[in-house]
Amino acid sequence: MDEKTYVQQLDLLRFQVNEISIARLQPGEDAVVEEKFQRASNAAKLLQLCQSALDMLGENDASLLTQVGAVGRTLQELQRVDAGAGALVELHGQAASALRELQSELSRYAEKVDVDPAQLQLLEDG
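Residues numbered from 1 in each chain as written. Predicted model: local features only at pLDDT ≥ 70, side-chain atom pairs only at ≥ 80, totals over all residues. Heavy atoms only, no water.

### Concerning the overall build of the protein chain
Alright, step 1. Within the protein chain, the regular secondary structure consists of 6 helices and 0 strands.
Alright, step 2. Relative to its 126 residues, the protein chain shows a buried fraction of 17%.
Alright, step 3. Put simply, 59% of the contacts in the protein chain that link residues at least 6 apart link residues at least 24 apart.
Alright, step 4. In the form shown here, the protein chain has an accessible surface area of approximately 9800 Å², with 57% of it arising from carbon and sulfur atoms. (Helix = DSSP H or I, 4+ residues; strand = E, 2+ residues; numbered from the N terminus. Buried < 20%, exposed > 50% of the residue type's maximum accessible area, 1.4 Å probe, protein only. Contact = heavy atoms within 4.5 Å. Areas by Shrake-Rupley, 256 points an atom, 1.4 Å probe, with all protein chains shown as cover.)

Structure follows, in structure tokens:
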């Protein structure tokens, strides 16, 4: 290697060390940035999947929550005929509550998904 190439490589290494120092990277930060990049690059798909799941859970005639309501009414009728079916009604209530909680959490998740091309570009360039 000639002296000119050596000096150029040394300058490049100094520049890279300086850039790394300026960045003030923290341990594990690369994983956080990678996660943000994955989320940003897949934001449209994440929103589509959230909306699909919310539609299935929703309040329309074919939704899970509507069907769960119908099951609940049937189980209440069953309990009127046989008081021993109370545990089934209680179990149904827990399941229905869990589905409503899922719906709420899914809505909150979808609200946090950010479709921002500028943020994606920043992460790609970073």
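### Notes on the environment of His92
Alright, step 1. Checked against the element boundaries, His92 lands in helix α5 (residues 86–112).
Alright, step 2. For His92, a relative accessible area of 16% corresponds to the buried category.
Alright, step 3. Considering only alpha carbons, one finds His92 and Leu75, 17 residues apart in sequence, at a separation of 8.1 Å.
Alright, step 4. Excluding residues that lie within four positions of it along the chain, His92 makes contacts with Val68, Val71, Gly72 and Leu75.

### Examining the packing of helix α4 (residues 64–81) against α5
Alright, step 1. Across the interface, α4 lies against α5 with an axial gap of 9 Å and an inter-helix angle of 165°. Between α4 and α5, the interaxial angle falls into the category roughly antiparallel. In terms of crossing hand, the pair formed by α4 and α5 is left-handed. For the pair α4 and α5, contact is made by Leu65, Val68, Val71, Gly72, Leu75, Gln76, Leu78 and Gln79 and by Gly86, Leu88, Val89, His92, Ala96, Leu99, Arg100 and Gln103, respectively.
Alright, step 2. In terms of residue class, the contact of α4 with α5 is made up of 9 nonpolar, 6 polar and 1 charged. (Axes fitted to C-alpha atoms, helices over the stretch in contact; angles between N-to-C directions. Parallel < 35°, antiparallel > 145°, perpendicular 65-115°, else oblique. Left-handed = near helix turned anticlockwise from the far one by under 90°. Nonpolar A, V, L, I, M, F, W, Y, C, P; charged D, E, K, R; others polar.)

### Section: the pattern of salt bridges
Alright, step 1. This structure, assessed with the given rule, holds 3 salt bridges.
Alright, step 2. The partner of Arg14 in a salt bridge is Asp11, with the nearest N and O atoms 3.9 Å apart. You can see Arg14 and its partner Asp11 sitting in helix α1 (residues 3–23), 3 residues apart, about one turn around the helix.
Alright, step 3. You can call Asp11 partly exposed: its relative accessible area is 43%. (Salt bridge = Lys/Arg side-chain N within 4 Å of Asp/Glu carboxyl O.)

### Let's talk about helix α3 (residues 43–57)
Alright, step 1. In this model α3 runs 21 Å from its N-terminal to its C-terminal C-alpha over 15 residues, within 8% of the 21 Å that 1.5 Å per residue would give.
Alright, step 2. Residues of α3 that are buried include every one of Ala43, Leu46, Cys50, Leu54 and Leu57, and no others. An end-on view of α3 places all buried positions within 65° of arc, on one side of the element. Opposite the buried face of α3, at more than 90 degrees from it, the exposed residues are Ala44 and Met56. (Expected span 1.5 Å × (residues − 1). Arc of directions from axis to C-beta.)

### Quick look at the nonpolar core
Alright, step 1. Among the nonpolar cores identified, the biggest contains 5 residues, and these are Cys50, Leu54, Leu57, Leu106 and Ala110.
Alright, step 2. Put simply, the parts of the chain that give this core at least two residues each are α3 and α5.
Alright, step 3. The leading source of residues in this core is α3, at 3 residues.
Alright, step 4. The residues touching Ala110, leaving out its near neighbours within four places in the chain, are Leu47 and Cys50. (Core = buried A, V, L, I, M, F, W, Y, C linked by side-chain atoms within 4.5 Å.)

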